[in-house]
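Below, each chain spelled out in residue letters.
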Amino acid sequence: MSTPTPVPERSGSEHWFESQPDWFKTAVFYELHTRAFFDSSDDGTGDFRGLRQKLDYLEWLGVDCIWLLPFYPSPLRDGGYDVSDFLTVAPEFGTVDEFAAFVEAAHERRMRVIADFVMNHTSNEHPWFQESRLGPDSPKADWYVWSDTVHRYEDARIIFVDSEQSNWTFDPVRGEYFWHRFYNHQPDLNYENPEVGDAIIDALRFWLDLGLDGFRLDAVPYLFEEEGTSSENLPQTHEFLKRVRAEVDAGYSDRVLLAEANQWPEDVVDYFGKGDECHMAFHFPVMPRMFMAVRREEARPMVEILDRTPAIPDNCQWGLFLRNHDELTLEMVTDEERDYMYAEYANDPRMKLNLGIRRRLAPLLDGGRDEIELMHAILFSLPGTPVLYYGDEIGMGDNVYLGDRDGVRTPMQWTGDRNGGFSRADFAQLYLPPLMDPVFGFQAVNVEAQLRSPTSLLRWLQRFVALRKQHPVFGLGTYQSLETSNPRVFAHVRTHEQDIVLCVHNLARSAQAVELDLARYDGYTPVEMTGGTPFPAIGTLPYLLTFGPRGFYWFRLLEEPPDA
Amino acid sequence: MPDPTALTSEELLALVQDARWFGAKDKTPESAEIVDLPVRDPVVTLALVEVRFGTGTHEHYLLDFAADGAADVLERPEVASRLAELAGLEVDGAAVESLGVEQSNSSVILDGLHVVKLYRRLEAGPNPEIEMLRALADEGFTNAPRLEGALETPGPPLETSLVSVTGRVSAEGGGWELTVESLGDDPSWLPERAWRLGEVTAGLHGALAAHEGDLSFAPEEPSSESLQLFAAAIDEEISQTFGSLPEDDALGAVAHRAEDLRDLVQELAAVGPAGLAIRTHGDYHLGQVLWSTDADWVVIDFEGEPARSLPERRRKRSPLRDLAGMTRSFAYAADASLLLWGVEAPPGWVEACREAFVEGYLACADERLLPPSRAGFDRLLALFELEKLVYELRYEARNRPDWASIPIVGMLRMLEAAA
């Protein structure tokens, strides 16, 4: 018998995917903490082997891309965003080999994996900083931003206003101040020094070579500083990100760079460059406005921010989310809007953090199923890629008594058994206690129970994800808001080639009617997308729709009515 | 030489759309384009065609062209033997017999000795059939065809398999045909051979489970919610299938039983430990086994269910899912005989086949792959049979309403047994 062609060595995702540079545009992302997902080693902390065991679940849910929060060694004073080694896995999560095996197993199921990468700063325990602080003669002396005065870059705002007074902190070892845009234990790297950029790109390559499909780049607006500016979004920063993109494109295919730039859309679009910088960027300001719209029962806040969002290059995509691992950030709203949001969504002062509200989706919406469904419907209908946050698919709650953002980072609730099925360790060993309150605790809210019940939020969301993925128009299509006769109704049209989808959402907690001017679709038949029911054909007169409270319709507009 | 790359989108669509292996019969393709020529040879050109649909989705198909530009030329001896050569096999290439066109491939018999198969519907990733035949050969499982060669392409755009060559099995016939024919003159034919079929099936699963060195095959402890995920998926299927059943008197007996079936799913899913998950045949029924001239069963066609995606076809599952496919196929054979020729299977025939098959399987099975108790085994097998029944009902109600009685009788029997 002759030898068949040897299968080429497996590296990266090419083996399991067709090449498709814009795969991320029609994908559904899922953000999770390795720490919080599943503990396979009974030590109270989730790990990569545990994560691998839960891939069937994520695949069933319809996830296309898993976004891992930082898993690098860290003193954990900022949830792992204080990295002390970029080139390995924190020992509690397993080994680099186990990480690679997890990525391979995800690829086998046609899921991609991206990871958080913190470019702006390191932990003060990182060997680079330890070396740098030794003094101006140290080989890494200029790897961080040092100064003998705090009166530099004074126009830069302080981001963590609850814990930091200054962006400068005195280091007694070196006898100088170091620059930090976040916590004082997170010194900013000095990108003026080209060695720093080289070292960071080497670190990116390390993970790409292991098969990782890309990065969520943390805190990118702050890489460079410049006197007399806010030291955010500087041209040098964009230059560096373009270099990163070029290096990634040259060595790897189908990877994605997702920028975290909590800025106004007109500034964020710069992070796409001319399609030669980041592939994706989060659209931060739309999210608080969705919550505002639902509470105020009016479409205007959303319509305004979307109309204000500039066009982006064809090969780029917005990342959209309802909630994530951070607080619901209110940096990108007016003072008046912020006061409104605090009053409506954070009636307990413990819920506030920095300029935001540290709560999960379900408690923010008072556990209202209609509201949760409506918010997902709006999210999935908007131009961009939806990013789900682990636990929100079952309506997990939060624990405002835990410090910082830990309240939204508690263990995933798999079952009603001990520790919510997350770990077989002793309760006291768990990295954080699971939720145990009667409304959102694991005995009431868990995957096992919701899998059994066809009407559960989890089962609904699984169907809804599948529906969105059947219609690439949501990821690829243009967006056009529609004037409505009723300010409580948010309506828009998505179009991709022949595919036209009309999305209409009632933001009110009462029944509503709306008349839409659909004259340009005269003769088309709207077919409701969840059940396939044809509605009366569109004419030249205003098209009337009625809704139950928080109801919504998605329609395909078909030129030919479907066969009866 | 006429160049396939000069073909227009319409011409390519015409070549693809009416083929049996074109999978998207319910969708309207908008355009087609050749995205790769993995084989460009004086004798044969293989073209990877991307077929695009208006909704922004696409699928990939493989077309073959001869030097004169003609398409679909596998039945020409020089083409089949050139492909066999490219797959790594020296052949005479004197004679070709057609084996016809399947849902996912075309194949021919070359020189009476080799089966040359051209995979038509392509996806990125290892071809399950080639992968399985290699593993089975490594483990010394001989009741399957021998893999003699394969032609693969690393892409981009796709890393995939194009052609396989296997040794031709010398057989009296296929399990399905022999069974249905036997019901007329020798109804004991299958009951006498079902025990052996169980043994061979257990051997197949044992070999697949033994191929531990390869991560794609190493048996795995299923994740704790895997059965619930499966139950949830069947539950959705029941809901969708019954929600869209056509108005038809033939369906009346079962049309209002959806809720009972959904309850039954929950009941059956309470299996406890299900045993290890392994690579399985994936599309196992009487049509996938041959009765050889050496009087033994040979298992063929390891591609998995053509309608499922490649990751699904490569999924590790409980081997009991294969058993359910076979036991349902016994019921189909009995009813097909009645529907097609008015020949009724003797009373108890299906049960006798099922029992012999299951007992033969259990006598040789690797116990790590099974639920530890017989009660758990029976429930899990019933759960997989129910999954098949739902699929059968959906298919028959849409395509062959006269045949819908087969799954309906099966469902009613199952509901009765549970009551």
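Residues numbered from 1 in each chain as written. Chains lettered and ligands numbered in written order. Predicted model: local features only at pLDDT ≥ 70, side-chain atom pairs only at ≥ 80, totals over all residues.

### Details of the overall build of chain B
Cut-off, in case you're wondering: Helical segments are the DSSP runs of H or I of at least four residues, strand segments are the runs of E of at least two, and each set is numbered from the N terminus. The quantity called the radius of gyration is restricted to C-alpha atoms. Its globule counterpart is 2.2 Å times the number of residues to the power 0.38. In this scheme the burial state of a residue depends on its C-beta neighbours within 10 Å: 20 or more other such atoms mean buried, 12 or fewer mean exposed, and anything in between means partly exposed; the C-beta positions come from the backbone. Here, residues touch in the contact sense if the C-beta positions derived from the backbone fall within 7 Å of one another.
Broken down by element type, chain B carries 13 helices and 12 strands. Over its C-alpha atoms chain B spans a radius of gyration of 22 Å, differing by no more than 12% from the 22 Å that the globule rule assigns to 419 residues. C-alpha extents for chain B along the principal axes are approximately 70 × 50 × 45 Å. Counting over 419 residues, chain B shows a buried share of 50%. Sequence-distant contacts in chain B: of pairs separated by 6 or more residues, those separated by 24 or more amount to 65%.

### Quick notes on the interface of chain A and chain B
What counts here: Each residue gets one of three labels, nonpolar for Ala, Val, Leu, Ile, Met, Phe, Trp, Tyr, Cys and Pro, charged for Asp, Glu, Lys and Arg, and polar for the others, Gly among them.
Taken together, the contact between chain A and chain B spans 37 residues of the former and 30 residues of the latter. Only α3 (55-61), α14 (447-452) and α16 (473-476) of chain A provide two or more residues apiece to the side of chain A that touches chain B. By residue number, the principal contributor to the side of chain A that touches chain B is α14(A), which donates four residues. Split into classes, the residues belonging to the side of chain A that touches chain B amount to 15 nonpolar, 10 polar and 12 charged.

### Topic: the pairing of strand β11 (residues 289-292) of chain B
Residue and element names in this part refer to chain B. What counts is decided by this rule: DSSP bridges decide pairing: two strands pair if at least two such bridges lie between them.
When strand β10 (residues 171-174) meets β11, the two strands line up antiparallel, connected through three bridges. Paired with alanine 171 across the strands is serine 292, a residue of β11. Bridge count between β11 and strand β12 (residues 297-299): three bridges; the pairing is antiparallel. Looking across to β12, one finds that tryptophan 291 is bridged to tryptophan 297. What sits between the antiparallel neighbours β11 and β12 is a turn of four residues, in which alanine 295 has the positive phi angle 60°.

### Looking at the pairing of strand β16 (residues 489-496) of chain A
Side-chain positions along a regular strand alternate between the two faces of the sheet. Residues and elements named next belong to chain A. Judged by how many residues are buried, β16 sits mostly within the fold: six of eight residues are covered. Pairing geometry for strand β15 (residues 478-481) and β16, over four bridges, is antiparallel. Across the sheet, the residue bridging to glutamine 480 is valine 493, located in β16. For β16 and strand β17 (residues 499-506), the ladder comprises eight bridges, and the chain directions are antiparallel. Note that in β17 the partner of alanine 491 across the bridge is valine 504. From the end of β16 to the start of β17, which pair antiparallel, there are two residues, and glutamate 497 there has a positive phi angle of about 50°.

### Quick look at the sheet that holds strand β1 (residues 29-32) of chain A
Residue and element names in this part refer to chain A. As a reminder of what qualifies: Under this scheme, a helix contributes an axis fitted over its contacting stretch, all axes are lines through C-alpha atoms, and angles between N-to-C directions fall in the 0 to 180 degree range.
Around the barrel, eight strands lie side by side as β1-β2-β3-β7-β8-β9-β10-β14; this closed barrel has parallel pairing. Between one strand axis and the next, the sheet turns through 25° on average, direction left out of account. Examined bridge by bridge, strand β9 (residues 280-282) and strand β10 (residues 317-321) share three bridges and lie parallel to one another. Within the sheet, the bridge partner assigned to alanine 281 lies in β10 and is tryptophan 318.

### A word on helix α9 (residues 286-296) of chain A
In terms of burial, α9(A) is largely enclosed, as nine of its 11 residues are buried. Once α9(A) finishes, Glu297(A) follows within two positions and takes phi at roughly 60°, a positive value.

### Considerations on the confidence of the model for chain A
How we decide: The pLDDT score gives, residue by residue, the confidence of the prediction method on a 0 to 100 scale.
Overall, the prediction assigns chain A a mean pLDDT of 93, with 97% of residues at 70 or greater. Contacts for the low-pLDDT stretch residues 1-11 of chain A, under 50 throughout, to residues beyond four places or in other chains number 18 contacts.

### So, the environment of Leu234(A)
Locating Leu234(A) in the fold gives a position in the loop between β7 (214-218) and α7 (235-251). For the pair Leu234(A) and Pro221(A), spaced 13 residues apart in sequence, the C-alpha separation works out to 7.4 Å.

### Structural notes on helix α13 (residues 369-381) of chain A
Residue pairs three or four apart in sequence face the same way in an α-helix, which turns once every 3.6 residues. Quick note on the threshold: Expected span of a helix, by definition, is 1.5 Å for each gap between consecutive residues, and there is one gap fewer than residues.
Across its 13 residues, α13(A) extends 18 Å between first and last C-alpha, which sits within 8% of the 18 Å expected from 1.5 Å per residue. When we look at burial in α13(A), the residues that qualify are Glu371(A), Ile372(A), Leu374(A), Met375(A), His376(A), Ala377(A), Ile378(A), Phe380(A) and Ser381(A).

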